[in-house]
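# An overview of the molecular structure
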Amino acid sequence: AQSVTQPDIHITVSEGASLELRCNYSYGATPYLFWYVQSPGQGLQLLLKYFSGDTLVQGIKGFEAEFKRSQSSFNLRKPSVHWSDAAEYFCAVGAVGGYNKLIFGAGTRLAVHP
Amino acid sequence: GAVVSQHPSWVICKSGTSVKIECRSLDFQATTMFWYRQFPKQSLMLMATSNEGSKATYEQGVEKDKFLINHASLTLSTLTVTSAHPEDSSFYICSARGPGTSGAKNIQYFGAGTRLSVL
């Protein structure tokens, strides 16, 4: 069965520091992978996606993610975190066929210290 | 582009009443929309998939008669929480599947969510 694991429930970084949020997936074929961000009391905003091709994908707000098939991972990175990046981050894998549902990880809550 | 509007953003109702939440795709047609429920500090739980012109498909454990979904047009889906009780209090989020083919069909655009408080 398809699943997504985000090992880190809560991460705290200092403003200006680099960031890496981990995501591992379980899927039989080449997955469609997504990172979404949710600010408190808000819906989800798409940060970036991977379908195929270049394994390093760029997203909005200075985020990037790298797809590593051998590790079944799709980690999200940012070289320098801003206070406004504090939010909940969700990794998701897209199911192929049917209604093309998204399967979400549990989320990682990012806190940024000044 | 790909904006989804959800209304209301917050609703308080008395126990036993019904509440309707609207989800609209503003600048694209969405044949498929999704309804999620999110508990505090938890991930999204898919409740149902809404398809224009047909009955919604509910996830296991979700009461169809409690959560009525209607997708009458290509830009509007509604979720009605019937006979709401305090345990139905939650954050409800809708999304619309974007246009396109292949992987693009998996992209979902989300509304801002509706916080339901049942007294």
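Residues numbered from 1 in each chain as written. Chains lettered and ligands numbered in written order. Predicted model: local features only at pLDDT ≥ 70, side-chain atom pairs only at ≥ 80, totals over all residues. Heavy atoms only, no water.

## Overview of the pairing of strand β3 (residues 19–25) of chain B
Residues and elements named next belong to chain B. The alternating pattern of β3 places Val19, Ile21, Cys23 and Ser25 on a buried face and Lys20, Glu22 and Arg24 on a face that is not buried. Across six bridges, the pairing between β3 and strand β8 (residues 76–81) is antiparallel. Bridging from a neighbouring strand, isoleucine 21 pairs with leucine 79 of β8. (Buried < 20%, exposed > 50% of the residue type's maximum accessible area, 1.4 Å probe, protein only. Helix = DSSP H or I, 4+ residues; strand = E, 2+ residues; numbered from the N terminus. Pairing = 2+ DSSP bridges.)

## Let's talk about the packing of aromatic side chains
A complete count under the given rule lists 16 aromatic pairs over all chains for this structure. An angle of 65° between the planes, with centres 5.8 Å apart, marks the rings of Phe28(B) and Tyr109(B) as edge-to-face. One end of the pair, Phe28(B), is in the loop between β3 and β4 (32–38); the other, Tyr109(B), is in strand β10 (residues 108–110), and 81 residues separate them in sequence. On the basis of relative accessible area, Phe28(B) is assigned to the buried category, the value being 10%. Here Tyr109(B) falls in the partly exposed class, since its relative accessible area comes to 22%. The structure contains a cluster of three or more aromatic residues connected by ring pairs, namely Tyr32(A), Phe34(A), Tyr36(A), Phe51(A), Phe90(A), Phe104(A), Phe34(B), Tyr36(B) and Phe110(B). (Phe/Tyr/Trp six-rings, centres within 6.5 Å; stacked < 30°, edge-to-face > 60°.)

## Comments concerning the sheet that holds β3(B)
Across a sheet, paired strands are connected by hydrogen bonds in the backbone, their directions being either parallel or antiparallel. Residue and element names in this part refer to chain B. Across the sheet, four strands lie side by side as β1-β3-β8-β7; this open sheet has antiparallel pairing. Whereas interior strands pair on both sides, the edge strands pair on one side only; in this sheet they are β1 (4–7) and β7 (67–73). Taken over all neighbouring pairs, the strand axes of this sheet differ in orientation by 15° on average, direction set aside. Note: β7 against β8, five bridges, orientation antiparallel. For leucine 68, the partnering residue across the bridge sits in β8 and is threonine 80. (Axes fitted to C-alpha atoms, helices over the stretch in contact; angles between N-to-C directions.)

## Quick look at the pairing of strand β5 (residues 32–38) of chain A
Residues and elements named next belong to chain A. In terms of burial, β5 is largely enclosed, as seven of its seven residues are buried. Side chains of β5 alternate between two faces, with Tyr32, Phe34, Tyr36 and Gln38 and Leu33, Trp35 and Val37 buried alike. As judged from the seven bridges shared by β5 and strand β10 (residues 87–94), these two strands associate in the antiparallel manner. Bridge pairing in β10 links tyrosine 32 to glycine 94.

## Details of the interface of chain A and chain B
At the junction of the two partners, chain A supplies 23 residues and chain B supplies 25 residues. Summed over both partners, the interface of chain A with chain B comes to about 1900 Å²; 57% of that surface belongs to carbon and sulfur atoms. Remark: the boundary between chain A and chain B carries one salt bridge. For the pair chain A and chain B, the number of links is five residue pairs in polar contact (both at pLDDT 80 or more). At the level of elements, β5, β6 (44–50), β10 and β11 (102–104) of chain A are the ones that each hand at least two residues to the side of chain A that touches chain B. With four residues, the top contributor of residues to the side of chain A that touches chain B is β5(A). (Contact = heavy atoms within 4.5 Å. Buried area = accessible area lost by both parts, 1.4 Å probe. Salt bridge = Lys/Arg side-chain N within 4 Å of Asp/Glu carboxyl O. Polar contact = N/O pair within 3.5 Å; in protein donor to acceptor, adjacent residues only side chain to side chain.)

## Digging into the state of the cysteines
With the rule as written, the count across this model stands at two disulfides over all chains. Covalent S-S linkage joins Cys23(A) and Cys91(A), the inter-sulfur distance amounting to 1.9 Å. On the sign convention where negative is left-handed, the bridge of Cys23(A) and Cys91(A), at about -65° about the S-S bond, is left-handed. Note that Cys23(A) is positioned in the loop between β3 (19–21) and β4 (24–26) and Cys91(A) in strand β10, a separation of 68 residues in sequence. As far as the burial class goes, Cys23(A) and Cys91(A) line up, both buried. Among the cysteines around Cys13(B), which has no disulfide bond, Cys94(B) carries the closest sulfur, lying 18 Å off. (Disulfide = S-S within 2.5 Å.)

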